[in-house]
Amino acid sequence: MSAAPKIVFACAALLVAVGLGACGERDQVTVYKQGKYQGKPDTKPWDNDPAANPYPGSKWNKGEKTSWESAVKTRNLAQNEYTRAE
C-alpha cells in the first residue's frame, strides 16, 4: 500500500471524527442560588451620566427624569430620515 491512500484514509478519519465531535451538545443549565440575584443591579436611565451625544440639545442632567425624557424626545426627532440632510 502506497503513502497516498494512507493519507487520504487518515484525512477522512480525521474529518469524520471532527464532524461527529461537533454534533455533541453540552447541557446548558444555569444554577441559581435560592433567593439571591446573580446579576448586576439595574439603575434608572436618568441616573446615568450623559455620554458624548451627536444630537444637539439632547443632553440631560443626571438624576432628573424630565430632562432625560426631553433629551430622548429631541434625539428621536433628530433620527427622522425625511428631515435629515443628505
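To start, this report covers the structure provided alongside it.

Criteria and thresholds
- Residues numbered from 1 in each chain as written.
- Predicted model: local features only at pLDDT ≥ 70, side-chain atom pairs only at ≥ 80, totals over all residues.
- Heavy atoms only, no water.
- Helix = DSSP H or I, 4+ residues; strand = E, 2+ residues; numbered from the N terminus.
- Contact = heavy atoms within 4.5 Å.
- Polar contact = N/O pair within 3.5 Å; in protein donor to acceptor, adjacent residues only side chain to side chain.

### Details of the overall build of the protein chain
Then comes step 1: Helix and strand counts for the protein chain come out as 2 helices and 0 strands.
Then comes step 2: Considering only contacts in the protein chain between residues 6 or more positions apart, those separated by 24 or more positions represent 3%.

### A short note on the side chain of Ser 67
Then comes step 1: Mapped onto the secondary structure, Ser 67 falls in helix H2 (residues 65-78).
Then comes step 2: Within the structure, Ser 67 has its side chain in polar contact with the backbone oxygen of Glu 64 (distance 3.1 Å).
Then comes step 3: When residues no more than four places from it in sequence are discounted, the contact partners of Ser 67 are Trp 60 and Asn 61.

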